[in-house]
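Working through the structure, step by step
Letter by letter, the chains look like this.
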Amino acid sequence: MQLGQRTKDGATAESRIQELAALVKLLRRCLNQLMARTRTFIDNGIKFEKEAGQQVESVQLASESATKALEAELANAKRETAQAAAAHKSAAASWQGELDYHKGEASRIRRELERIESERDRAREEARRAEQARQELEGNVKGLKKETGQQLRELQMNRGEAMRALQDAREAAERREQLLQEDLQKMQVRAEYAESRIVVADSELSSLRKALQEQEGKLRETEAKLTTLRDEHNQLKLDFKAQLGVHAEVVAESSRILSDYEDLQERCSQMVTDLEDRQTQLAGTAQQLQAAQQGQQADHARWEGRYNSLQADRNLLAEREAGLQEEKAQLKAALGNALEQKAEVEEALHRALHEQHHLQHESVMRRLGCACLAPWRTEERLQCCSCKKLVKAAVVVGATTMMDVLKGTEARLISEAERLTSSLEASQRSLAAEQESKAAICQEAAIKAARLAHLEGEMEALQGVMGVGDQSEMVSQLVTRVAKLETAVAEAELTRRQLHNQLVEIRGNIRVFCRIRPAASSVVSCLPDGVSVRLEAEGVKDSSFTFDHVFDQQSSQADVFQQVSELVQSALDGYKVCLFSYGQTGAGKTHTMQGTRAAAGQGIIPRAVGKILECVAKLQEQGWQYELQASFIEVYNETLRDLLADTKGRDAGRITDQNAIKHGAAGGHTIVVGAVREPVESAEGAAGLVKRAAAARAVEATAMNAVSSRSHSVFMLYITGKHEATGACVHGALNLVDLAGSERLNRSEASGQRQKEACSINKSLSSLGDVFQALSAKTPHVPYRNSKLTHLLQPCLGGDGKTLMFVNINPEAASANETLCSLRFAAKVNACETGARGGAKRHTSQAAELPSSSSAGASAGSTAQANRRQSLSGAPLGPGIKRKAPLPPAPMPQRSLKPRIG
Ligand SMILES: Nc1ncnc2c1ncn2[C@@H]1O[C@H](COP(=O)(O)OP(=O)(O)OP(=O)(O)O)[C@@H](O)[C@H]1O
């Protein structure tokens, strides 16, 4: 655009410039204002920032204090949560109680409903009968009216004659009619009463239905709670499993410790044996040495005595010799004298002889020359000479005699001297020999002393090696360790038992298992939950039942035993356990209990005994000593029979004593007086007992089963265990019962004796049902004594023990009615809670109170058979032996819960 040129709106460039300059001015003003505002804003922002900082700080402080408060609150909340959890737990327990109560109530109401329904049906039936009677009466009245009319007509025909009779008949008929009318009215009143009762029953029914609905509502609520509880229960189960794991670890640890302990024990015993050997050697040597020293001393004393006596002998001999020498010298002197005398005598003799010669010569000379010279002198001389001669001769004789005596004495003395000399020489020789032997003994003693010194040195060295200075300390340490280990093992075993018992408790004290025998066709099916069965058959209302476990047709004997083995274990732990099989004849009761001879087909009895023996062997390693004894009793026609009795014949084993069943005091064993109790030491022995009992059992053919058992058989295993170290004792019992078939008389075609048997069987089975009914209803009186069977099983059924029932069923269509009856019975048992406070009880006692096993069953009788029988005092004790007093039971859960399944 050029200057002066105008735009369409009439503006020129100058005006545009002016406008623009005004605009610029305006903009500048605005900018200045904006700047001023911005500054204000910035200042304000800074101020705000400061304020905000202050506020943030204050907020931070506040939040910190709030956090602290919150933390405190959180802690409180946690505490409260814990309290709430505890409260929840207790509430759960009380809910469980309530649930149980409601369940009980519900079942009671159901029963009541059933009762009222049955009463209503009865009342209806009565009303129907009353109506029938009324109709009959009306008919009668009509008939009578007709009759009366007929008679009236007839009487009208003969009116004149029969007016009076007619009048009478009429009156009688009227009276009869009146009576009938009265009857009719009564009947109507009864019918009305029945109707009113029906109305009342209906109203009661409706109120009960309402109550039932309420209860069902509550039940639903409680079931919802139960679901929560189940979750908790599952959690508990998991915990329990974890505990089991811990238990397994403890067991593993304890077994490891045990093996360590055994190693240590072995080493210790090895060392102790070595030491003992050495000590024995040393003691032997010391004894030998001592004996040798004693012998030596004795020898020494003996030899000294001998030496002394020899010395005394020697002295004596010397004295004697001296005496003899003296005597000899005296004798020699006497001999010299005697010789001198002899010489003198000889000289005198010689002189006398010479003189004699001289005189003889002189005489001869005188005779020759002087024959006559003084003969008398010669004669005198001669006489004198002969006198002298005689004297001399006497002297000679005396001297000779003396000489002889002297010679004899000399010879005697010489021989005695010789003897004494030889004896002295012998004594000297023996003394020398003794001295030699003494020297030898001394030498031997010196050798032995050296050996002893050597052995002592060796022992010292050994003691040094072993550190035997601390031997007693080491032994005491080992003993302490052993005691600790034993306590740990015992504790582990106790824990195991408690856990096991809790597990069994959780599953219920009375349990019911259903077993379906194999069959070609079946109207019974197992539901997929594994605990329910359904019966679908023609003429039978389609119904299903739930139990603790269901074994289908394919289940093996091993499968069945696996499920019951924990109960068997309980018997070993000191509980009274009862397993029985119930069902119609031929449903497999005996098969379940006894089974076949083949290993795979063995039933519960042989398997249970085998397991118990196995466990006993294991427990022996932990210091437990068990004693097992078995009885086998049959209940036949309400009479007891001992199936193990040695006797034969029709009445073999029959127990006639009506009070033969005894229950030990304070939950002791049940025994049958007079029944044999055989020791059980091996599985083979037990199998032998079962075989013996099976042979004795009354087996008769019926139309339904070729080998139908006509009696109940009860295998009773008495278990007594004792722990050496702790002195604890357990007294358990296992009763395995094979019931007789629950048959219907018309189906089994029984008659005569068979009919009597069937009646007896049915009676005892219904007594069993009554007992369960009474237990379920918690009535103060339970009719145990109504049958021998229930009386025998009383301690197990009454809640003190643990009971398991097998309901055996035959799934064929032909047996559908019996199957339904069996299942109904079993369902009733399954609904039963024994109600024993504290659940089943263990039976334990102190060692001192344990009945001596050797005397168990040894009653007054002296024979072996009598000793095997149970005592009449009611317990398997010998006279003078105290009955056991049970210890307080092991800790148990306060309430025995029976879970509802399905
Ligand atoms: N689970 C099973 N498996 C194989 N065979 C079976 C089974 N149950 C029962 N049996 C067979 O059925 C037959 C009858 O069984 P069993 O004798 O055990 O019946 P029961 O109930 O004891 O009869 P009863 O009351 O008359 O004595 C037997 O031959 C047995 O071997």
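Residues numbered from 1 in each chain as written. Predicted model: local features only at pLDDT ≥ 70, side-chain atom pairs only at ≥ 80, totals over all residues. Heavy atoms only, no water.

Looking at an unreviewed UniProt entry, the protein carries the name Kinesin motor domain-containing protein, with the source organism given as [Myrmecia] bisecta. Under the UniProt heading Sequence similarities (unreviewed entry), the entry covering the protein gives this text: "Belongs to the TRAFAC class myosin-kinesin ATPase superfamily. Kinesin family." (UniProt positions renumbered as here; feature names shortened; annotations may be inferred.)

**Section: the environment of A608**
Relative to the helices and strands, A608 resides in helix α7 (residues 604-621). Overall, the relative accessible area of 0% leaves A608 in the buried class. Once the C-alpha coordinates of A608 and F561 are considered, the two residues, 47 residues apart in sequence, prove to be 8.0 Å apart. If we ignore the near neighbours within four places in the chain, the residues touching A608 are F561, V568, L734 and L736. (Helix = DSSP H or I, 4+ residues; strand = E, 2+ residues; numbered from the N terminus. Buried < 20%, exposed > 50% of the residue type's maximum accessible area, 1.4 Å probe, protein only. Contact = heavy atoms within 4.5 Å.)

**Overview of α7**
Compared with an ideal rise of 1.5 Å per residue, which puts 18 residues at 26 Å, α7 spans 26 Å between its outermost C-alpha atoms and is within 8% of the ideal. Listed in full, the buried residues belonging to α7 are I604, I605, R607, A608, V609, I612, L613, C615, V616 and L619. Just past α7, the residue G623 takes up positive phi, approximately 95 degrees. (Expected span 1.5 Å × (residues − 1).)

**With respect to the packing of aromatic side chains**
Scanning all chains against the criterion turns up eight aromatic pairs. Their ring planes at 70 degrees and their centres at 5.8 Å tell us that F513 and F551 sit as a pair that is edge-to-face. In this pair, F513 sits in strand β1 (residues 510-516) while F551 sits in strand β5 (residues 549-551), placing the two residues 38 residues apart along the sequence. For F551, a relative accessible area of 2% corresponds to the buried category. Taking 6.5 Å as the distance between ring centres and 10 degrees as the angle between the ring planes, the aromatic pair formed by F545 and F547 counts as stacked. Side by side, F545 and F547 carry an identical accessibility label, which is buried. Among the aromatic side chains, those forming a connected cluster through ring pairs are F513, F551 and F806. Here R677 stacks its cationic end above the ring of Y718, 3.7 Å away from the centre of that ring. (Phe/Tyr/Trp six-rings, centres within 6.5 Å; stacked < 30°, edge-to-face > 60°. Lys NZ or Arg CZ within 6 Å of the ring centre and 35° of its normal.)

**With respect to helix α5 (residues 557-572)**
Taking 1.5 Å per residue, 16 residues should reach 22 Å; α5 reaches 21 Å between its end C-alpha atoms and fits that length. If you look at α5, its biggest bend is around 45 degrees, right at V564. With respect to burial, α5 is a largely interior element, twelve of its 16 residues being buried. Taken together, the buried positions of α5 are occupied by Q557, V560, F561, V564, S565, E566, L567, V568, Q569, S570, A571 and L572. Downstream of α5 by one or two residues, G574 has phi in the positive range, about 105 degrees. (Bend = angle between axes of the 7 residues up to and from the residue.)

**Focus: the UniProt feature "binding site: ATP" (unreviewed entry) in the protein**
In the numbering used here, UniProt assigns the "binding site: ATP" (unreviewed entry) feature to G583, Q584, T585, G586, A587, G588, K589 and T590. Position of A587 among the secondary structure elements: in the loop between β6 (576-583) and α6 (589-593). Among all residues touching A587, those that are not within four sequence positions of it are R517, N808, I809 and N810. With respect to the secondary-structure elements, K589 resides in helix α6. Under the relative-accessibility criterion, K589 is labelled buried at 6%. The residues touching K589, leaving out its near neighbours within four places in the chain, are S581, Y582, G583, Q584, D738, L739, A740, G741 and N808. Reaching out from K589, the side chain makes a polar contact with the backbone oxygen of G583 at a distance of 3.0 Å. (Polar contact = N/O pair within 3.5 Å; in protein donor to acceptor, adjacent residues only side chain to side chain.)

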